[in-house]
Amino acid sequence: MAQSHKTIESVFLGKIITIVASIRPMIKRESLKHAIDAISERDPEVGYSLTDMFGTGRIDAPDHQGEDNGGDNLYFLFEDQKVPIKKISFFNDGTAVIEQHLLIKYGERLRKQVLSGNATPLDYREAALDIYRSGLQFMVIHEIKFSIQRLKKQLAYTNQVQKKKALFLKQLISFLEDIRAGDSCVDDFISRKMDENHRGVFYTAEVSSGIKAHFIQFPYCLDALMQVAHIDLEFFHVRFLLRCLEKKHEKNLFACIVKNNIMGLIYLSLKEQLLYKGLEVRYVATLRNTNRYPDNRKSANLKGIGTFLMAGIWMLWKQRLPSVKEIFLDSEIGAGRFYSSIGFTPRRLCAYSLKKPAGYLMKTILIMADNCREPGTRVIQDLCRLIEQQVKILAKKPRRQQAENRQRQYAIEFIKACLLSKRHLAFPKTAAEYLLKKKANIPETEHLLSFGTEKGRIKIKPPPIVRPVLVIKDERFSHHLENVFHIESAKRNRAVEKILAHKSLHEKWAVIPARMATVEQLAWIHTPEHIERIARTAGKSLRSFDLDTQTTARSYDTARLAVGSLFSLIDGIWRGDSDRGFAFLRPPGHHAEPDKVMGFCLFNNVALGAGYLKKEYAVKKVMIVDIDVHHGNGTQAAFYDTDDVLFVSMHQFPCYPGTGKLGEVGSGKGEGFTVNIPLAKGHGDRDFAQIVIDLIAPLADSYCPEFMLVSCGFDLYLHDRLGGMKGTPEGYALITRLLLEIAERVCSGKIAFVMEGGYSVQGIEKCGLSMMKELCNAGTLLPEKIAKIKESRRRLPILEKVIEVQSRYWDNFR
């Protein structure tokens with residue numbers, strides 16, 4: 001049935017072509033008379049001369065009009081000289097096109113008369129060129145005058161209410177007067193765009209063999225309009241271009257310019273229907289032979305102008321029209337193969353739409369985007385997705401030999417262009433990454449990567465040495481609160497064991513032996529009295545400091561073990577065993593103040609870790625990020641008056657312990673180095689991620705810490721018994737990935753996560769596993785999702801307030 005349908009359609013198209021070919025139109029004397037009458041209405045003097053010439057037979061329509069170029073042209077006679085008129089232009093525009101050719105020939109005639117009276121001998125070629133340009137200029141100025149006449153009539157009929165319209169008409173008349181004066185040319189428009197750093201619609205790529213071309217809104221000036229008259233493209237006559245100005249449609253008109261010469265024009269229209277928006281290519285025409293420009297003989301028959309114009313429209317779509325679904329057009333039958341080759345798909349007979357570019361269009365778009373200073377995130381993302389798709393094509397086994405080979409050739413050319421990209425490194429980086437991923441299935445991989453390293457900017461690094469994530473875990477952490485019912489129990493340690501036993505983490509982590517901190521080390525943060533109070537609990541079955549915080553016989557030693565174990569983890573990271581690690585400690589520590597036990601915490605593990613970095617490694621700047629649902633009051637108190645530590649806490653408020661208000665920013669030397677983000681109940685993953693992206697990352701970039709410590713509470717989890725947030729395992733993975741990126745950027749990746757709260761065993765297992773996967777580079781977060789969150793312009797009101805407060809201290813928030 002499919003074959004039968006195709007045959008019927010072919011026969012139908014053949015009949016249409018036969019009927020059109022059998023039509024033999026001709027320019028009749030009536031058509032010439034109508035054209036001359038129309039000119040007479042606008043300019044009686046010129047009309048009188050043309051009427052006289054028509055009456056005496058010097059303007060005439062021959063009885064039998066010859067046709068050339070496969071029947072593309074019609075003719076009339078002007079002083080026995082054949083004047084060609086494109087058949088399609090005559091069909092579309094009627095006598096308007098005859099009027100313009102009559103005016104050109106009349107302008108030439110006037111110039112000849114002037115030159116014939118010149119006593120100085122002239123070079124024949126120069127004189128012919130001068131005469132021709134004079135004819136073009138005469139016609140264009142006539143059309144401009146005609147347009148001004150129309151506008152002045154409209155202005156005369158505007159009333160007081162139509163002030164905006166009157167102002168527009170006055171401005172347009174003034175603009176047309178400037179064009180008529182001929183003070184600027186196409187080159188001026190190009191230079192101005194260059195000076196403006198390519199602001200507005202201005203794209204650059206290559207046509208044919210490396211010849212630079214510009215895609216630009218039509219440059220309304222006398223020079224450009226004369227060029228339009230000269231190249232005589234279908235649809236785009238001078239009167240149409242001026243009408244675009246009058247109707248405020250000039251922003252829909254674009255040109256391809258090569259060496260300051262117009263080589264193609266395209267006119268767009270935005271179509272809207274209910275929930276649909278489409279960008280229609282209403283008219284498009286290109287100059288097939290550049291010999292029409294006398295100074296362009298060496299670059300005759302430029303190829304790729306149509307592809308270049310479509311690339312410009314694609315860039316325009318992606319940069320400036322995000323709500324548009326597709327580009328579409330109606331095409332003549334003969335152009336269907338071209339549109340199909342660059343990615344257009346049929347909608348109906350002779351109608352096509354473009355959603356995804358193909359063929360040489362891909363390469364042209366890529367070059368345009370790379371030459372663009374700020375192509376925009378959408379353009380870069382779409383091209384990176386296109387790179388991935390083309391690499392997948394290369395990785396497929398060919399089925400239909402000829403078609404597949406052509407598709408592979410396009411893909412290879414596109415990937416090569418990506419690898420040569422000079423301005424936007426996302427293109428070569430993405431191409432190289434996907435080539436390496438599919439290396440086993442792509443025979444050209446080695447050649448392409450060699451090409452990229454030799455001629456482009458990519459450098460293929462040797463495979464990185466994979467170091468295991470350092471982990472602190474120890475059975476002795478279960479000795480705290482033995483045989484006591486408590487929410488902060490040894491079940492948390494058993495949840496950690498399940499995490500580390502997961503098959504996805506096999507051989508990707510290594511245990512660091514635990515050790516006890518000395519009393520002298522504890523005194524870096526805590527008072528002697530505080531240390532002594534906890535020491536006295538040793539050997540006692542149960543001691544209660546407050547309603548929340550108790551100790552048992554081995555709690556003092558376990559707390560010292562937790563602190564010393566963090567020191568061991570820091571040692572391992574500092575000497576390069578790994579650049580990251582996770583200390584799964586008990587008891588937690590961030591509520592413990594220098595002189596006070598609080599909130600299940602005896603000694604402040606993280607604060608002591610920062611002290612260890614300062615004492616043992618002379619680190620001058622440490623950044624502590626607290627992502628527990630409860631404010632890290634103890635850590636804040638330890639560093640409230642110093643700038644050696646930047647403390648940032650994201651927590652629920654109001655909530656235990658009641659600290660962490662927006663205005664708590666530090667004091668004295670430490671003012672501005674305490675940053676609190678108090679959040680109401682109910683926030684979730686995207687909110688947490690946005691805080692890291694919009695606040696924590698800029699702070700880290702400004703502060704430039706040498707080491708990052710993360711107080712990690714698992715109580716942001718949506719089912720935690722002591723929290724009210726809506727965090728998920730994916731949210732914890734996202735926070736981890738973002739913090740790792742920050743650490744990589746500011747402190748060579750040196751970061752240690754330290755377990756604080758979290759009172760849902762399930763929450764610890766699920767969220768902890770997600771975090772460990774990210775730490776072990778075994779995560780499942782899609783780059784597209786991370787990119788989408790980073791691009792989001794949505795910002796929490798509380799985040800705006802925090803940034804407003806911190807802008808007093810940090811330049812990048814001002």
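The structure we're discussing is the one just above.
Residues numbered from 1 in each chain as written. Predicted model: local features only at pLDDT ≥ 70, side-chain atom pairs only at ≥ 80, totals over all residues. Heavy atoms only, no water.

Visitor: Just give me the short version of the overall build of the protein, but keep the residues and values in it.
Guide: A tally of helices and strands in the protein yields 28 helices and 21 strands. For the protein, whose C-alpha radius of gyration is 38 Å, the value lies well above the compact-globule estimate of 28 Å for 814 residues. Based on the C-alpha atoms only, the size of the protein along its principal axes is roughly 130 × 65 × 55 Å. Put simply, the protein has 814 residues, and 53% of those count as buried. In the protein, once contacts between residues fewer than 6 apart in sequence are set aside, the share between residues at least 24 apart is 72%. Surface exposure of the protein reaches about 38,800 Å², of which carbon and sulfur atoms provide 51%. (Helix = DSSP H or I, 4+ residues; strand = E, 2+ residues; numbered from the N terminus. Rg over C-alpha atoms; globule rule 2.2 N^0.38 Å. Buried < 20%, exposed > 50% of the residue type's maximum accessible area, 1.4 Å probe, protein only. Contact = heavy atoms within 4.5 Å. Areas by Shrake-Rupley, 256 points an atom, 1.4 Å probe, with all protein chains shown as cover.)

Visitor: Summarise the packing of aromatic side chains; cite the residues concerned and give the values.
Guide: Following the criterion strictly, the structure yields 30 aromatic pairs and no others. A ring pair is formed by F236 and Y283, whose centres lie 6.4 Å apart and whose planes are at 90°; its orientation type is edge-to-face. Within this pair, whereas F236 is found in the loop between α9 (222–231) and α10 (238–246), its partner Y283 is found in strand β8 (residues 276–286), the two being separated by 47 residues in sequence. Residue classification places F236 among the buried positions, given a relative accessible area of 0%. Taking NZ or CZ as reference, K82 lies 5.1 Å from the ring centre of Y75, over its face. Lying over the aromatic face of F168, K248 brings its terminal NZ or CZ to 4.5 Å of the ring centre. (Phe/Tyr/Trp six-rings, centres within 6.5 Å; stacked < 30°, edge-to-face > 60°. Lys NZ or Arg CZ within 6 Å of the ring centre and 35° of its normal.)

Visitor: Quick rundown of the sheet that holds strand β1 (residues 59–60)? Include the residues and the values.
Guide: With respect to topology, three strands assemble into an open sheet ordered β1-β2-β3, the strand pairing being antiparallel. Two strands lie at the open edges of the sheet, namely β1 and β3 (81–86), each paired on one side alone. As defined by bridge partners, strand β2 (residues 73–78) adjoins β3 across six bridges and the pair is classed as antiparallel. When the bridges of β3 are listed, F76 appears paired with V83. (Pairing = 2+ DSSP bridges.)

Visitor: Run through the nonpolar core, naming residues and quoting values.
Guide: Counting 133 residues, the largest nonpolar core has F215, F218 and I415 as its most contacted members. Top contributing element to this core by residue count: helix α11 (residues 305–320), with 10 residues. Not counting residues within four places of it along the chain, the set of residues in contact with F215 comprises V201, F202, Y203, F254, A255, I266, F308, L309, G312, I313 and M368. C712, L716, L740 and C747 belong to the second largest nonpolar core, which has 69 residues in total. (Core = buried A, V, L, I, M, F, W, Y, C linked by side-chain atoms within 4.5 Å.)

Visitor: Quick one: what's the story with the sheet that holds strand β21 (residues 751–755), residue by residue and with numbers?
Guide: Strands pair in a sheet through their backbones, by hydrogen bonds, and they do so in one of two ways: parallel or antiparallel. The strand order β13-β12-β16-β21-β20-β17-β18-β19 describes an open sheet built from eight strands, whose pairing is parallel. Two strands lie at the open edges of the sheet, namely β13 (509–511) and β19 (674–679), each paired on one side alone. Looking at each pair of strands side by side, their axes are set apart by 15° on average, direction ignored. Here six bridges tie strand β18 (residues 645–652) to β19, and the two strands are oriented parallel to one another. Within the sheet, the bridge partner assigned to M650 lies in β19 and is I677. Strands in contact with helix α22 (residues 605–617) are β17 (622–626), β18, β20 (707–712) and β21; relative to β20, the strand with the most contacts, it is inclined by about 170°. Strands β12 (469–472), β13, β16 (580–583), β20 and β21 of the sheet are contacted by helix α26 (residues 761–775), whose axis makes an angle of about 160° with β16. (Axes fitted to C-alpha atoms, helices over the stretch in contact; angles between N-to-C directions.)

Visitor: Any chance you could break down the side chain of R586 for me, citing the residues and the numbers?
Guide: Mapped onto the fold, R586 is located in the loop between β16 and α22. A polar contact of 3.2 Å, which involves the side chain of R586, links it to the backbone oxygen of H480. From its side chain, R586 meets the backbone oxygen of S489 in a polar contact 3.4 Å long. The contacts of R586, once residues within four sequence positions are left out, are F477, S478, H480, L481, E488, S489, A490, R492, N493, T558 and A562. (Polar contact = N/O pair within 3.5 Å; in protein donor to acceptor, adjacent residues only side chain to side chain.)

Visitor: Residues and numbers for the pattern of salt bridges, please.
Guide: Counted according to the given criterion, the structure contains 39 salt bridges. Note that R492 and E488 form a salt bridge whose closest N and O atoms lie 2.9 Å from each other. (Salt bridge = Lys/Arg side-chain N within 4 Å of Asp/Glu carboxyl O.)

Visitor: With reference to specific residues and values, describe α9.
Guide: Where burial is concerned, most of α9 is hidden: nine out of the 10 residues are buried. The set of residues buried in α9 consists of L222, A224, L225, M226, Q227, V228, A229, H230 and I231. Taken from the residues just after α9, D232 is the one with a positive phi, measuring 55°.

Visitor: A description of the state of the cysteines should follow, citing residues and the corresponding values.
Guide: A full pass over the atoms with the stated rule returns zero disulfides. There is no disulfide at C256, and the cysteine sulfur nearest it, in C221, is 16 Å away. The buried category is assigned to C256, whose relative accessible area is 0%. There is no disulfide at C655, and the cysteine sulfur nearest it, in C601, is 14 Å away. (Disulfide = S-S within 2.5 Å.)

Visitor: Outline the packing of helix α2 (residues 29–42) against helix α3 (residues 44–55), listing residues and values.
Guide: To characterise two packed helices, one gives the angle between the axes of the helices and the distance between these axes. Interhelical geometry of α2 versus α3 gives an angle of 155° and a closest axis separation of 6 Å. With respect to their mutual orientation, α2 and α3 come out roughly antiparallel. Contacts between α2 and α3 involve R29, L32, K33, I36, I39, S40 and R42 from the first element and P44, V46, G47, Y48, L50, T51 and F54 from the second. In the contact of α2 with α3, the residues fall into eight nonpolar, three polar and three charged. (Parallel < 35°, antiparallel > 145°, perpendicular 65-115°, else oblique. Nonpolar A, V, L, I, M, F, W, Y, C, P; charged D, E, K, R; others polar.)

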